[in-house]
Amino acid sequence: MSVPDFVLELRRHVGTAPLWLAGATAVIRDPHGARVLLVRRADNGWWTPVTGIVDPGEHPAETAVREAREEADVRIRVDRVASIGVSRMVTYANGDRAQYLDHTFACTYLDGAPHPADGENTDVRWFAVDDLPEMRPHMLARLEAGLADEERARIELATESSPATESSRATGSH
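Residues numbered from 1 in each chain as written. Predicted model: local features only at pLDDT ≥ 70, side-chain atom pairs only at ≥ 80, totals over all residues. Heavy atoms only, no water.

Moving on to the overall build of the protein. Across its full length, the protein holds 3 helices and 10 strands. Counting from the amino terminus, the protein carries its helices and strands in the arrangement α-β-β-β-β-α-β-β-β-β-α-β-β. Relative to its full complement of 174 residues, the protein shows a buried share of 47%. Of all intrachain contacts in the protein linking residues separated by at least 6 positions in sequence, the fraction that spans at least 24 positions is 74%. Surface exposure of the protein reaches about 8,900 Å², of which carbon and sulfur atoms provide 51%. (Helix = DSSP H or I, 4+ residues; strand = E, 2+ residues; numbered from the N terminus. Buried < 20%, exposed > 50% of the residue type's maximum accessible area, 1.4 Å probe, protein only. Contact = heavy atoms within 4.5 Å. Areas by Shrake-Rupley, 256 points an atom, 1.4 Å probe, with all protein chains shown as cover.)

Okay, here's the thing in structure tokens:
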């Protein structure tokens, strides 16, 4: 996973101290709504929707569009905000810590031949919405929000029973 240049610059100043970062998740449906596009992450092997860190000055919806192009080489349309949530604190293998304000968007696939385009993923595949691969609970919640035909965004709050931190097998990837 590549770490954005602005995060590397921040790390020069703050070391492994926790960073508060904005993220975007693109839940990409085919035009008929029967399938969803998922990527298999290179760092941990989990299937997820397309995700990424919002660059300084970038609108989170623009991040969703950019990340879909960078990670899967597809062009999408952002249809609506599906959910807003806060991740648990993530501690990476190199000790870096970060927490993310996630903006999940319901998106529609427009064109492109999906494939792992930037090395952050090992596979890109369409799945029937009723036959999804095993996913981590927080990513499944984002996916469900993006697939729901709701007019309002979901606000995802942490529950008291949720663990306080989440570890990643990534080596300093954000």
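Topologically, glutamate 150 is positioned in the loop between helix 3 (137-147) and strand 9 (154-156). Note on glutamate 150: relative accessible area 30%, which makes it partly exposed. Each C-alpha atom of the pair glutamate 150 and alanine 82 lies 7.8 Å from the other, and the pair is 68 residues apart in sequence. At 2.9 Å, the side chain of glutamate 150 forms a polar contact with the side chain of arginine 154. (Polar contact = N/O pair within 3.5 Å; in protein donor to acceptor, adjacent residues only side chain to side chain.)

The next thing to look at is the nonpolar core. With 17 residues, the main nonpolar core has Ala26, Ile28, Leu37, Val74, Ile76, Phe105 and Cys107 as its most contacted residues. Elements with a minimum of two residues in this core: strand 1 (19-29), strand 2 (35-41), helix 2 (60-72) and strand 7 (97-111). In terms of residue count, helix 2 provides more of this core than any other element does, 4 residues in total. Excluding residues within four positions of it along the chain, leucine 37 makes contact with Ile28, Pro49, Ala72, Val74, Pro114, Val124, Arg125 and Trp126. (Core = buried A, V, L, I, M, F, W, Y, C linked by side-chain atoms within 4.5 Å.)

Caution applies to low-pLDDT parts of the model: their predicted coordinates are not meant to be read in detail. The predicted model of the protein averages 89 in pLDDT, with 90% of residues at 70 or higher. Long-range and interchain partners of residues 160-174, a stretch whose pLDDT sits below 50, account for 44 contacts in this model, where long-range means more than four residues apart. (pLDDT = per-residue confidence, 0-100.)

With that out of the way, let us pick up the packing of aromatic side chains. Scanning the entire structure with this criterion turns up 2 aromatic pairs. Seen from their ring centres, tryptophan 47 and phenylalanine 127 are 4.9 Å apart, and the 75° between their planes marks the pair as edge-to-face. One end of the pair, tryptophan 47, is in strand 3 (residues 47-48); the other, phenylalanine 127, is in strand 8 (residues 121-128), and 80 residues separate them in sequence. Relative to tryptophan 126, the ring of tyrosine 109 has its centre 5.3 Å away and its plane inclined at 90°; by these criteria the two rings are edge-to-face. Placement of the pair is tyrosine 109 in strand 7 and tryptophan 126 in strand 8, with a sequence separation of 17 residues. (Phe/Tyr/Trp six-rings, centres within 6.5 Å; stacked < 30°, edge-to-face > 60°.)

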